[in-house]
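Architecture at a glance
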Amino acid sequence: MNEIQLYFEPLISEDSLKDKAIVILNALDISTASREDYISRIGLFLEFVQEKGFSNTSFLDFKRYLASRNDISVSTKAKYMTVTKVFLRELHKNGIIPDVTINVKGFKQGKKHKRFGLSQEEVNILLESMKAMELNCQNSRLKAILSLLIYQGLRQIEIVRLDVSDICLSRKTALVKGKGHDDKELVDLHPQTVQALKTYVDICKVRDGALFVSMSNNNHNGRITTRALRNMVTGSLKKLEIQNSTHGFRHYFTTRLIELFKADLLTVQKYTRHHSVETLQVYNDNIGKKETLQTYYTGFDFKA
């Protein structure tokens, strides 16, 4: 057994390795959402070292293992690498192991969006289905959530974090805790969103606490989780044969705004609350390329 294995062996030999990792990750000064994501992802690396053993090349070996998997996207591989790097550096800071992350590069990712948002046609189909829904508590909750996705472009974690006290229907505003923010931002609500929220709070008699609560037996009246919200929304899309994700609504919202405001990205940024205009430029480039496709098709409209 080499020296670096001796450092890590006390951890590997115990059944509570995952518990120790959770303790370390819980001590990080990061957002709750990031912490939960880190804890859910670190298990893959722990399984890897328990099977392969630990050495001074384990981080590099883990990267090569991820690179060999075709069932994981590059962005997901990059997230696994980030979590593992943070974990290993915390172990190093605590004097448990040497720093084995030095000179190991992450995965390179293109800046272009690989996924597309919902199309206007798909959104129209969804809106028609919402109109036809039976008026009850469960459906009014779903319609309120869908309205926050379609008309506000909120992230799913932002919807989950909303409290009743964050919503002011008379002023058509909401206080939203955005990605990477400690404080809440004031967001103007579209009239359609206001109506959907009003119907929801009236029918479900929501008065205080979390705005959206679970109706399942396991977490009844507890704050709805991002997973439950995601399953609810994607389930509605699948029923309409729409192949997309919850985040696809934010892509739609952003793209729609860029088209409406004629590529005035600073104005769009006020509505989307993106940290950087560069991110919006990616959307703008995609729209610009799409507008030129017909010229490209026509220019090569000949048969071999």
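If you're wondering where the values come from, they're calculated on a predicted model, not measured in any experiment.

Here we take up the pairing of strand β3 (residues 185-188). Of the two faces of β3, only the one carrying Glu185 and Val187 is buried; Leu186 and Asp188 on the other face are not. Inspection of the sheet shows strand β2 (residues 173-176) paired to β3 by four bridges, in the antiparallel sense. Note on β3: the bridge partner recorded for Leu175 is Leu186.

Right, let's get into the sheet that holds strand β1 (residues 167-168). Across the sheet, which stays open at both edges, the three strands sit in the order β1-β2-β3 with antiparallel pairing between neighbours. Only two strands of the sheet have a single neighbouring strand rather than two, namely β1 and β3. Two strands pair when backbone bridges link them, and β1 and β2 are joined in this way by two bridges, in the antiparallel orientation. Counterpart to Cys168 in the pairing with β2 is Thr173.

Take the packing of helix α3 (residues 32-52) against helix α4 (residues 58-68) next. Angle between the axes and distance between the axes: these two values describe a pair of packed helices. Interaxial distance between α3 and α4 falls to 11 Å at its minimum, and their mutual angle equals 110 degrees. With respect to each other, α3 and α4 are oriented roughly perpendicular. As for the relative orientation of α3 and α4, their crossing is right-handed in sense. Contacts from Leu44, Phe45, Phe48 and Val49 of α3 reach α4 at Ser58, Asp61, Phe62, Tyr65 and Leu66. Each residue belonging to the contact of α3 with α4 can be placed in one class, and the counts come to seven nonpolar, one polar and one charged.

Before going further, it helps to spend a moment on the packing of aromatic side chains. Applying the stated criterion across every chain yields a total of eight aromatic pairs. Each ring, one from Phe45 and one from Phe62, has its centre 5.2 Å from the other, and the planes form 75 degrees; the classification is edge-to-face. Of this pair, Phe45 sits in helix α3 while Phe62 sits in helix α4; the two residues are 17 residues apart in sequence, bridging distant segments of the chain. Judged by relative accessible area, which is 0%, Phe62 ranks as buried. Taken together, the aromatic side chains of Phe45, Phe48, Phe62 and Tyr65 make up a single cluster linked through ring pairs. Looking at Arg41, its charged tip hangs above the ring of Tyr80, at a distance of 5.4 Å from the centre. Here Lys63 stacks its cationic end above the ring of Phe107, 5.8 Å away from the centre of that ring.

Residues Tyr296, Tyr297, Phe300 and Phe302 make up a contiguous nonpolar surface patch of about 530 Å² in total accessible area. Relative to the helices and strands, Phe302 is located in the segment after α13 (277-299).

Within the secondary structure, Asp19 is located in helix α2 (residues 17-26). When its relative accessible area of 47% is taken as the criterion, Asp19 is described as partly exposed. Distance from Asp19 to Arg207, taken between C-alpha atoms, is 38 Å for residues 188 residues apart in sequence.

Following the criterion strictly, the structure yields one disulfide and no others. A sulfur-sulfur separation of 2.0 Å characterises the disulfide bridge that pairs Cys137 with Cys204. Between Cys137 and Cys204 the sulfur-sulfur dihedral comes to about 125 degrees; the bridge is accordingly right-handed. A residue pair is termed long-range when its members are at least 10 positions apart, and Cys137 in helix α7 (residues 137-150) and Cys204 in the loop between α9 (191-203) and α10 (226-239) qualify at 67 residues. Here Cys204 falls in the buried class, since its relative accessible area comes to 17%.

Criteria and thresholds
- Residues numbered from 1 in each chain as written.
- Predicted model: local features only at pLDDT ≥ 70, side-chain atom pairs only at ≥ 80, totals over all residues.
- Heavy atoms only, no water.
- Buried < 20%, exposed > 50% of the residue type's maximum accessible area, 1.4 Å probe, protein only.
- Helix = DSSP H or I, 4+ residues; strand = E, 2+ residues; numbered from the N terminus.
- Pairing = 2+ DSSP bridges.
- Axes fitted to C-alpha atoms, helices over the stretch in contact; angles between N-to-C directions.
- Parallel < 35°, antiparallel > 145°, perpendicular 65-115°, else oblique.
- Left-handed = near helix turned anticlockwise from the far one by under 90°.
- Contact = heavy atoms within 4.5 Å.
- Nonpolar A, V, L, I, M, F, W, Y, C, P; charged D, E, K, R; others polar.
- Phe/Tyr/Trp six-rings, centres within 6.5 Å; stacked < 30°, edge-to-face > 60°.
- Lys NZ or Arg CZ within 6 Å of the ring centre and 35° of its normal.
- Patch = residues over 30% accessible without salt bridge, like charges linked within 9 Å, V, L, I, M, F, W, Y side chains within 5 Å.
- Areas by Shrake-Rupley, 256 points an atom, 1.4 Å probe, with all protein chains shown as cover.
- Salt bridge = Lys/Arg side-chain N within 4 Å of Asp/Glu carboxyl O.
- Disulfide = S-S within 2.5 Å.

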